[in-house]
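Each chain, letter by letter, is given below.
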Amino acid sequence: MRGRAKPWAVPYLQEHTELVYPTIEEGNAFLLQSPVYLEIGMGKGDFLIGLCQKQQGNYLGLERDLSILATAAKKIESLELPNVRLVGGDFDDLFPSLAHYRFDKIYLNFSDPWPKKRHAKRRLTYHERLKTIASLLNDGGRIIMKTDNPILYAFTLEEIPLAGLTIEESTDDYVFDDANDAMSEYEARFRGLGQNIHRIVIKR
Ligand SMILES: C[S@@+](CC[C@H](N)C(=O)[O-])C[C@H]1O[C@@H](n2cnc3c(N)ncnc32)[C@H](O)[C@@H]1O
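Read on for an overview of the structure. Since we're looking at a predicted model, the values are computed, not measured.

The rules behind the values
Residues numbered from 1 in each chain as written. Predicted model: local features only at pLDDT ≥ 70, side-chain atom pairs only at ≥ 80, totals over all residues. Helix = DSSP H or I, 4+ residues; strand = E, 2+ residues; numbered from the N terminus. Rg over C-alpha atoms; globule rule 2.2 N^0.38 Å. Buried ≥ 20, exposed ≤ 12 C-beta atoms within 10 Å, placed from the backbone. Contact = placed C-beta atoms within 7 Å. Core = buried A, V, L, I, M, F, W, Y, C linked by C-beta atoms within 7 Å. Pairing = 2+ DSSP bridges. Right-handed = clockwise from strand over helix to strand, strands pointing away.

### Things to note about the overall build of the protein chain
Moving on, step 1. Tallying secondary structure elements over the protein chain gives 8 helices and 8 strands in all.
Moving on, step 2. Scaling as 2.2 N^0.38, a compact globule of 204 residues should have a C-alpha radius of gyration of about 17 Å, and the protein chain matches this with 16 Å.
Moving on, step 3. If you line up the protein chain on its principal axes, its C-alpha atoms span 40 × 35 × 35 Å.
Moving on, step 4. When burial is assessed residue by residue, the protein chain has 37% of its 204 residues classed as buried.
Moving on, step 5. Across the protein chain, contacts joining residues at least 24 apart in sequence account for 78% of those joining residues at least 6 apart.

### A word on the nonpolar core
Moving on, step 1. In this structure, Leu48, Ala73 and Ile106 are the most contacted members of the largest nonpolar core, which totals 42 residues.
Moving on, step 2. In contact with leucine 48, other than residues within four places in its own chain, are Glu39, Met42, Tyr59, Gly61 and Val84.

### Let's talk about the environment of leucine 51
Moving on, step 1. Looking at where leucine 51 falls in the secondary structure, it is placed in helix H3 (residues 46-52).
Moving on, step 2. Judged by local crowding, leucine 51 falls into the buried class, with 21 C-beta atoms found within 10 Å.
Moving on, step 3. Sequence separation of leucine 51 and threonine 125 is 74 residues, and the distance between their C-alpha atoms is 23 Å.
Moving on, step 4. If sequence neighbours within four positions are ignored, leucine 51 has contacts with Tyr59 and Ala182.

### Examining the environment of glutamate 187
Moving on, step 1. Among the structural elements, glutamate 187 can be located in helix H8 (residues 185-192).
Moving on, step 2. As a C-alpha pair, glutamate 187 and isoleucine 197 span 10 residues in sequence and 7.4 Å in three-dimensional space.
Moving on, step 3. Setting aside chain neighbours within four positions, we find glutamate 187 in contact with Asn109, Phe110, Lys146 and Ile197.

### Observations regarding the sheet that holds strand E7 (residues 166-171)
Hydrogen bonds between backbone groups are what pair the strands of a sheet, and the pairing can be parallel or antiparallel.
Moving on, step 1. Read across the sheet, 8 strands follow the order E1-E4-E3-E2-E5-E6-E8-E7 without closing on themselves; strand pairing throughout is mixed. The open sheet has two edge strands with one neighbour each: strand E1 (20-21) and E7.
Moving on, step 2. Sheet analysis places strand E2 (residues 36-40) next to strand E5 (residues 103-109), joined by 3 bridges and oriented parallel. Bridge pairing in E5 places leucine 38 opposite isoleucine 106.

### Points about the pairing of E5
Moving on, step 1. Most of E5 sits out of view: 6 of its 7 residues are buried.
Moving on, step 2. Summarising the sheet, E5 and strand E6 (residues 137-147) pair through 6 bridges and their orientation is parallel. What sits directly across from leucine 108, in E6, is methionine 145.
Moving on, step 3. You can see the chain leave E5, run along helix H6 (residues 127-134) and come back into E6, and the turn it takes is right-handed.

### Things to note about the environment of threonine 156
Moving on, step 1. Mapped onto the fold, threonine 156 is located in helix H7 (residues 150-162).
Moving on, step 2. Judged by the 27 C-beta atoms lying within 10 Å of it, threonine 156 is buried.
Moving on, step 3. Sequence-wise, threonine 156 and isoleucine 200 are 44 residues apart; in three dimensions their C-alpha atoms are separated by 8.6 Å.

Okay, here's the thing in C-alpha coordinates:
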(Lines give C-alpha, C1' and ligand atoms only; values in the text may rest on other atoms or scores of the structure.)
Protein backbone atom coordinates (compact mmCIF):
# COMPACT_ATOMS: atom_id res chain seq x y z
CA MET A 1 0.00 0.00 0.00
CA ARG A 2 1.49 3.32 -0.98
CA GLY A 3 -0.48 6.38 0.09
CA ARG A 4 -0.55 9.65 -1.80
CA ALA A 5 1.55 12.10 0.26
CA LYS A 6 -0.83 14.17 2.36
CA PRO A 7 0.53 17.58 3.38
CA TRP A 8 -1.57 17.55 6.56
CA ALA A 9 -0.28 14.15 7.71
CA VAL A 10 2.97 15.01 9.52
CA PRO A 11 1.56 18.11 11.29
CA TYR A 12 -1.49 16.05 12.32
CA LEU A 13 0.70 13.26 13.73
CA GLN A 14 2.85 15.81 15.58
CA GLU A 15 -0.27 17.38 17.14
CA HIS A 16 -1.58 14.03 18.40
CA THR A 17 1.28 12.63 20.44
CA GLU A 18 -1.23 11.25 22.98
CA LEU A 19 -2.22 8.77 20.23
CA VAL A 20 0.84 8.62 17.97
CA TYR A 21 4.15 8.12 19.76
CA PRO A 22 6.97 10.16 18.19
CA THR A 23 9.32 7.51 19.65
CA ILE A 24 8.86 4.53 21.94
CA GLU A 25 10.44 5.25 25.29
CA GLU A 26 11.44 2.73 27.91
CA GLY A 27 8.92 2.30 30.75
CA ASN A 28 5.82 3.15 28.68
CA ALA A 29 2.92 2.24 31.01
CA PHE A 30 0.51 1.55 28.11
CA LEU A 31 2.85 -1.04 26.59
CA LEU A 32 3.65 -2.63 29.94
CA GLN A 33 0.01 -3.61 30.50
CA SER A 34 -1.26 -7.06 29.63
CA PRO A 35 -2.45 -8.26 27.22
CA VAL A 36 -0.79 -6.09 24.61
CA TYR A 37 -0.87 -6.64 20.86
CA LEU A 38 1.21 -5.31 17.97
CA GLU A 39 0.36 -5.00 14.28
CA ILE A 40 3.29 -4.40 11.93
CA GLY A 41 2.30 -2.59 8.72
CA MET A 42 -1.18 -1.68 9.98
CA GLY A 43 -2.16 0.39 6.96
CA LYS A 44 -5.34 2.43 7.52
CA GLY A 45 -6.15 0.69 10.78
CA ASP A 46 -9.38 -1.24 10.14
CA PHE A 47 -7.98 -4.46 11.62
CA LEU A 48 -6.81 -2.88 14.90
CA ILE A 49 -9.99 -0.81 15.18
CA GLY A 50 -12.15 -3.90 14.64
CA LEU A 51 -10.18 -6.07 17.06
CA CYS A 52 -9.92 -3.55 19.90
CA GLN A 53 -13.71 -3.16 19.80
CA LYS A 54 -14.16 -6.94 20.25
CA GLN A 55 -11.38 -7.86 22.66
CA GLN A 56 -9.84 -6.32 25.74
CA GLY A 57 -6.19 -5.37 25.70
CA ASN A 58 -3.90 -2.64 24.50
CA TYR A 59 -3.03 -2.35 20.82
CA LEU A 60 0.01 -0.79 19.15
CA GLY A 61 -0.07 -0.20 15.40
CA LEU A 62 3.13 0.37 13.47
CA GLU A 63 3.17 1.81 9.94
CA ARG A 64 6.02 3.28 7.95
CA ASP A 65 3.93 5.36 5.51
CA LEU A 66 3.09 8.50 7.46
CA SER A 67 0.22 9.56 5.20
CA ILE A 68 -1.45 6.19 5.71
CA LEU A 69 -0.67 6.33 9.43
CA ALA A 70 -2.33 9.73 9.68
CA THR A 71 -5.48 8.38 8.00
CA ALA A 72 -5.59 5.60 10.62
CA ALA A 73 -4.93 8.09 13.43
CA LYS A 74 -7.85 10.28 12.31
CA LYS A 75 -10.24 7.30 12.38
CA ILE A 76 -9.03 6.20 15.82
CA GLU A 77 -9.28 9.73 17.18
CA SER A 78 -12.85 10.18 15.90
CA LEU A 79 -13.88 6.85 17.47
CA GLU A 80 -12.25 7.88 20.78
CA LEU A 81 -10.72 4.44 21.24
CA PRO A 82 -8.79 4.48 24.52
CA ASN A 83 -6.77 1.30 23.98
CA VAL A 84 -4.90 2.01 20.72
CA ARG A 85 -1.58 3.77 20.18
CA LEU A 86 0.36 4.19 16.96
CA VAL A 87 3.93 4.71 15.92
CA GLY A 88 5.37 5.69 12.54
CA GLY A 89 8.47 4.11 11.07
CA ASP A 90 9.99 1.02 9.55
CA PHE A 91 9.96 -2.09 11.74
CA ASP A 92 13.73 -2.59 11.44
CA ASP A 93 14.37 0.95 12.70
CA LEU A 94 11.80 0.73 15.52
CA PHE A 95 12.84 -2.73 16.72
CA PRO A 96 15.47 -1.53 19.28
CA SER A 97 12.84 0.59 21.08
CA LEU A 98 10.16 -2.14 20.80
CA ALA A 99 12.59 -4.61 22.39
CA HIS A 100 11.81 -3.15 25.85
CA TYR A 101 8.36 -4.77 25.58
CA ARG A 102 6.76 -8.17 25.08
CA PHE A 103 3.57 -8.72 23.08
CA ASP A 104 0.93 -11.42 23.36
CA LYS A 105 0.20 -11.45 19.66
CA ILE A 106 1.93 -9.84 16.72
CA TYR A 107 -0.12 -9.47 13.56
CA LEU A 108 1.23 -9.30 10.00
CA ASN A 109 -1.73 -8.58 7.74
CA PHE A 110 -1.15 -8.62 4.00
CA SER A 111 2.50 -7.64 4.28
CA ASP A 112 4.16 -6.47 1.07
CA PRO A 113 5.00 -9.65 -0.91
CA TRP A 114 8.16 -8.28 -2.61
CA PRO A 115 7.49 -10.65 -5.53
CA LYS A 116 11.00 -10.58 -7.03
CA LYS A 117 13.18 -13.36 -5.62
CA ARG A 118 16.16 -11.04 -5.24
CA HIS A 119 14.05 -8.92 -2.85
CA ALA A 120 13.14 -11.85 -0.57
CA LYS A 121 15.26 -10.46 2.28
CA ARG A 122 12.98 -7.44 2.40
CA ARG A 123 9.92 -9.56 3.27
CA LEU A 124 8.74 -9.21 6.86
CA THR A 125 8.78 -13.01 7.12
CA TYR A 126 12.37 -13.46 5.90
CA HIS A 127 13.75 -15.82 8.57
CA GLU A 128 16.18 -13.39 10.17
CA ARG A 129 13.45 -10.75 10.52
CA LEU A 130 10.93 -13.34 11.65
CA LYS A 131 13.32 -14.36 14.43
CA THR A 132 13.63 -10.70 15.44
CA ILE A 133 9.84 -10.29 15.45
CA ALA A 134 9.45 -13.47 17.52
CA SER A 135 11.90 -12.11 20.12
CA LEU A 136 9.16 -9.56 20.98
CA LEU A 137 6.68 -12.28 21.99
CA ASN A 138 5.65 -13.10 25.53
CA ASP A 139 5.95 -16.72 26.61
CA GLY A 140 2.99 -18.33 24.89
CA GLY A 141 2.75 -15.48 22.39
CA ARG A 142 1.93 -15.96 18.71
CA ILE A 143 2.64 -14.29 15.38
CA ILE A 144 -0.45 -14.39 13.17
CA MET A 145 0.09 -13.76 9.49
CA LYS A 146 -2.51 -13.38 6.75
CA THR A 147 -1.93 -12.90 3.06
CA ASP A 148 -3.67 -13.26 -0.29
CA ASN A 149 -0.33 -14.11 -1.88
CA PRO A 150 0.45 -17.84 -2.35
CA ILE A 151 4.15 -17.13 -2.97
CA LEU A 152 4.53 -15.20 0.30
CA TYR A 153 2.52 -17.91 2.09
CA ALA A 154 4.77 -20.73 0.78
CA PHE A 155 7.90 -18.66 1.44
CA THR A 156 6.81 -18.00 5.04
CA LEU A 157 6.10 -21.69 5.69
CA GLU A 158 9.71 -22.40 4.64
CA GLU A 159 11.20 -19.52 6.66
CA ILE A 160 9.49 -20.42 9.97
CA PRO A 161 11.70 -23.46 10.78
CA LEU A 162 14.79 -21.56 9.56
CA ALA A 163 13.95 -18.96 12.22
CA GLY A 164 13.73 -21.73 14.85
CA LEU A 165 9.97 -21.26 15.13
CA THR A 166 7.00 -23.63 14.86
CA ILE A 167 3.96 -23.61 12.60
CA GLU A 168 0.97 -24.04 14.89
CA GLU A 169 -1.72 -23.67 12.23
CA SER A 170 -1.71 -22.98 8.52
CA THR A 171 -4.38 -22.83 5.87
CA ASP A 172 -4.59 -21.54 2.32
CA ASP A 173 -8.35 -21.02 2.68
CA TYR A 174 -9.01 -19.24 5.96
CA VAL A 175 -12.65 -19.03 7.03
CA PHE A 176 -13.09 -15.67 8.72
CA ASP A 177 -13.77 -16.04 12.47
CA ASP A 178 -15.94 -13.02 13.16
CA ALA A 179 -16.06 -13.52 16.95
CA ASN A 180 -12.29 -13.56 17.44
CA ASP A 181 -10.85 -11.77 14.46
CA ALA A 182 -11.13 -8.51 12.53
CA MET A 183 -10.84 -7.66 8.87
CA SER A 184 -8.21 -5.31 7.46
CA GLU A 185 -8.81 -3.16 4.38
CA TYR A 186 -6.83 -5.61 2.26
CA GLU A 187 -8.63 -8.67 3.57
CA ALA A 188 -11.99 -7.06 2.81
CA ARG A 189 -10.77 -6.11 -0.66
CA PHE A 190 -9.43 -9.59 -1.53
CA ARG A 191 -12.47 -11.35 -0.13
CA GLY A 192 -14.61 -9.02 -2.24
CA LEU A 193 -12.69 -10.28 -5.29
CA GLY A 194 -13.37 -13.89 -4.26
CA GLN A 195 -9.72 -14.62 -3.45
CA ASN A 196 -8.56 -17.15 -0.86
CA ILE A 197 -7.03 -15.82 2.31
CA HIS A 198 -3.98 -17.68 3.61
CA ARG A 199 -3.24 -17.65 7.33
CA ILE A 200 -0.42 -18.95 9.52
CA VAL A 201 -0.16 -19.04 13.31
CA ILE A 202 3.45 -19.16 14.48
CA LYS A 203 4.76 -20.02 17.92
CA ARG A 204 8.22 -20.15 19.42
C1 LIG B 1 -0.18 -4.16 1.62
S2 LIG B 1 -0.36 -3.05 2.94
C3 LIG B 1 -1.51 -3.86 4.04
C4 LIG B 1 -2.10 -2.90 5.03
C5 LIG B 1 -2.99 -3.55 6.12
N6 LIG B 1 -2.20 -4.37 7.02
C7 LIG B 1 -4.10 -4.35 5.53
O8 LIG B 1 -4.09 -5.58 5.65
O9 LIG B 1 -5.02 -3.74 4.97
C10 LIG B 1 1.17 -3.29 3.80
C11 LIG B 1 1.48 -2.11 4.73
O12 LIG B 1 2.60 -2.44 5.52
C13 LIG B 1 3.46 -1.30 5.59
N14 LIG B 1 4.80 -1.85 5.79
C15 LIG B 1 5.43 -2.73 4.97
N16 LIG B 1 6.63 -3.04 5.46
C17 LIG B 1 6.77 -2.35 6.63
C18 LIG B 1 7.80 -2.25 7.59
N19 LIG B 1 8.96 -2.89 7.43
N20 LIG B 1 7.60 -1.46 8.67
C21 LIG B 1 6.44 -0.77 8.80
N22 LIG B 1 5.42 -0.82 7.92
C23 LIG B 1 5.59 -1.61 6.85
C24 LIG B 1 3.27 -0.60 4.26
O25 LIG B 1 3.60 0.77 4.33
C26 LIG B 1 1.79 -0.82 4.00
O27 LIG B 1 0.98 0.22 4.52
